[in-house]
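Commentary on secondary and tertiary structure
Residue strings, one per chain:
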Amino acid sequence: MESSSARENLQKVHDEAIASTHLKTLLSDDERNSKLVAEHGDITLDYTHTKIDSQTLEALVDFANESGLKAKIDSMFKGDKINSTEKRSVLHAALRMARDQTVEVDGKNLVELVWEVRDQIQAFSQKIREGDFKGYSGKLLKNVVVIGIGGSYLGPEFVYEALRYDSTCNQAAEGRNLRFLANVDPTDFSRSMEGLDIEETVFIINSKTFTTAETMLNARTVSASIVDHYRASHPDVEKSEFIKHHVIAGSTNISATKEFGIAEENVFGFWDWVGGRYSVCSAIGVLPLSIHYGYENVSNFLDGAKSIDDHFRDTEDLTQNLPVLLGMLGYYNTSVCNHAARALLPYSQALLRFPAHIQQVDMESNGKSVTKEGERVTSPCGPIVFGEPGTNGQHSFYQLMHQGRIIPAEFIGFIESQTPIDRDDEVVSNHDELMSNFFAQPDALALGKDLDQLKDEGVPEELQQHKLFEGDRPSLSILFKKLDAFSCGQLLSLYEHRIAVEGFLYNVNSFDQWGVELGKVLAKDVRKVFHTQKKEKKEADLSKFNSATASLLKKYLG
Ligand SMILES: O=P(O)(O)OC[C@H]1O[C@H](O)[C@H](O)[C@@H](O)[C@@H]1O
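Residues numbered from 1 in each chain as written. Predicted model: local features only at pLDDT ≥ 70, side-chain atom pairs only at ≥ 80, totals over all residues.

**What to know about the site of the ligand**
Around the ligand, a shell composed of 14 residues is seen, among which G150, G151, S207, T212 and G276 lie nearest. Taken together, the residues of the shell around the ligand break down into 2 nonpolar, 9 polar and 3 charged. (Near = placed C-beta within 6 Å. Nonpolar A, V, L, I, M, F, W, Y, C, P; charged D, E, K, R; others polar.)

Here it is, written out as structure tokens:
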């Protein structure tokens, strides 16, 4: 793949023509600028500030075509087992398909299975919200605590935060609380339980495998707290009675949920063709979010995701297909231009957890060094992804982005605020103030400020180099109308699919995650040491560890 003629041509066009052309020059071409914008519904993707022109874009599209991108997308939607190392289909898109759609894998229509669970969740969430399913002592379950980590936590938390101040969702969640317990650090247990009455709380154990060490320990800790809480006043009641009223689960491992003691009717399933980091549209996200915001709002969120799934699958022109464009530009920045990182910069406080969610989806998907065929990759893939909402980030790491390393940035903004404030005594509204930065930053990064400008401004000579902005720093901007349940689903799907596209172009398997295994295995050895020393009260054998780790362990053991 790397040595393909289209790939070589892309690199050549970049190296010979674009690399040495300053973005200032590119941006002075009105015709170019008018072409590097794509729209779908209420979404505008402006990539005028990416170091690209029509010739490079053409070379990029040629490369994508030569990579068989369209066929790879079709193959994903058809349910082919494109996660080759785990022999699994990749069908998170089926989670948001319409009831009458079909995707057959191994003789089963998966969409039918999806809707069975969606219907169960709709009925169950309504029961909790209306008080037909109560806590053991008969109290209304107005609090939800989600116990889960990684993909079983980040996605639901991103959506929860994104919709907290949307007026429709906000109203639907009145009087309710949704919390997350992810870290096995006992402080996270304290944080998530703070001020909650267990009798008013339902705990959702969110775990695809139902074996993740952190989640299982937190689940046992929570279950013990529930039992302790009720036992004093109800000494003769079976533990399972308390658990039945307070613990439910989202998982693919139904037998393990049963073994844990969760009543069968309180378990909401999903399937191995949904990757953990792509599972927010399964029971993992739909269950807690439906209890908190009501099923209707979550259904709108799923419809938003579906609208981008359809656009992604059906838009043949790659330059008009938003997830494809984002994926191609991501590939271009990382693999062709050799930029190691990518900043996600939502100009929306409600998207404060979006960078963390996409960081996992992206870095766990494309943080690979081996092609699908098992060969070492020959050019860099999978950028380092990080981000913060603007304008907060501007007062933090933007210094480095403006005058330090080059980090392609992705600005995400909204025309309307979820919570507008308009005061006569302010010249511009608070939202306009936020958005003035959204529009200014891409130009500041791209255009910079040269010595002549500094001289004209009368900047003293000794400060000129310090105040110099070289510019030529790429970014792209995505503008939505408003952040609500539907557009939140669109944003999720846009990024999920761009990550898939990027992986198709890197030719890696974006759907496995073997890189997380080794640390888990080594932690088992350390856990054994703690057990021997602290529980069995015996001196642990540290000879298995290197001297550096053994010495640090000794300090911990005291
Ligand atoms: O949902 P679970 O099976 O508990 O997995 C939770 C998380 O842990 C794993 O280590 C993976 O890195 C993640 O992709 C996954 O989302």
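Next comes the rest of the write-up.
**Quick notes on the pairing of strand β10 (residues 341-346)**
Here β10 lies mainly inside the structure; 5 of its 6 residues are buried. Pairing of β10 with strand β11 (residues 384-387), which is carried by 4 bridges, proceeds in the parallel orientation. Looking at β11, one finds that A341 is bridged to I384. Assessed by its sense of winding, the connection that carries the chain from β10 through helix α16 (residues 354-366) to β11 is right-handed. In this sheet, strand β12 (residues 409-414) lies alongside β10 in parallel orientation, the contact comprising 4 bridges. (Buried ≥ 20, exposed ≤ 12 C-beta atoms within 10 Å, placed from the backbone. Helix = DSSP H or I, 4+ residues; strand = E, 2+ residues; numbered from the N terminus. Pairing = 2+ DSSP bridges. Right-handed = clockwise from strand over helix to strand, strands pointing away.)

**What about the packing of helix α5 (residues 69-78) against helix α21 (residues 485-506)?**
Where α5 meets α21, the axes come as close as 10 Å, and the angle between the chain directions of the two elements is 125°. As judged from the angle between their axes, α5 and α21 are oblique. α5 and α21 meet at a crossing whose hand is right-handed. Taken together, the residues of α21 that come into contact with α5 (itself represented by L69, K72 and M76) are A500, V501, F504 and L505. For the contact of α5 with α21, the per-class residue count stands at 6 nonpolar, no polar and 1 charged. (Axes fitted to C-alpha atoms, helices over the stretch in contact; angles between N-to-C directions. Parallel < 35°, antiparallel > 145°, perpendicular 65-115°, else oblique. Left-handed = near helix turned anticlockwise from the far one by under 90°. Contact = placed C-beta atoms within 7 Å.)

**Some words on the domain arrangement of the chain**
As assigned here, the chain comprises domain 1 (5-66 + 315-417 + 430-455 + 478-506), domain 2 (97-299) and domain 3 (515-557). Relative placement of domain 2 and domain 3: their C-alpha centres are 34 Å apart. (Domains from an automatic or database assignment.)

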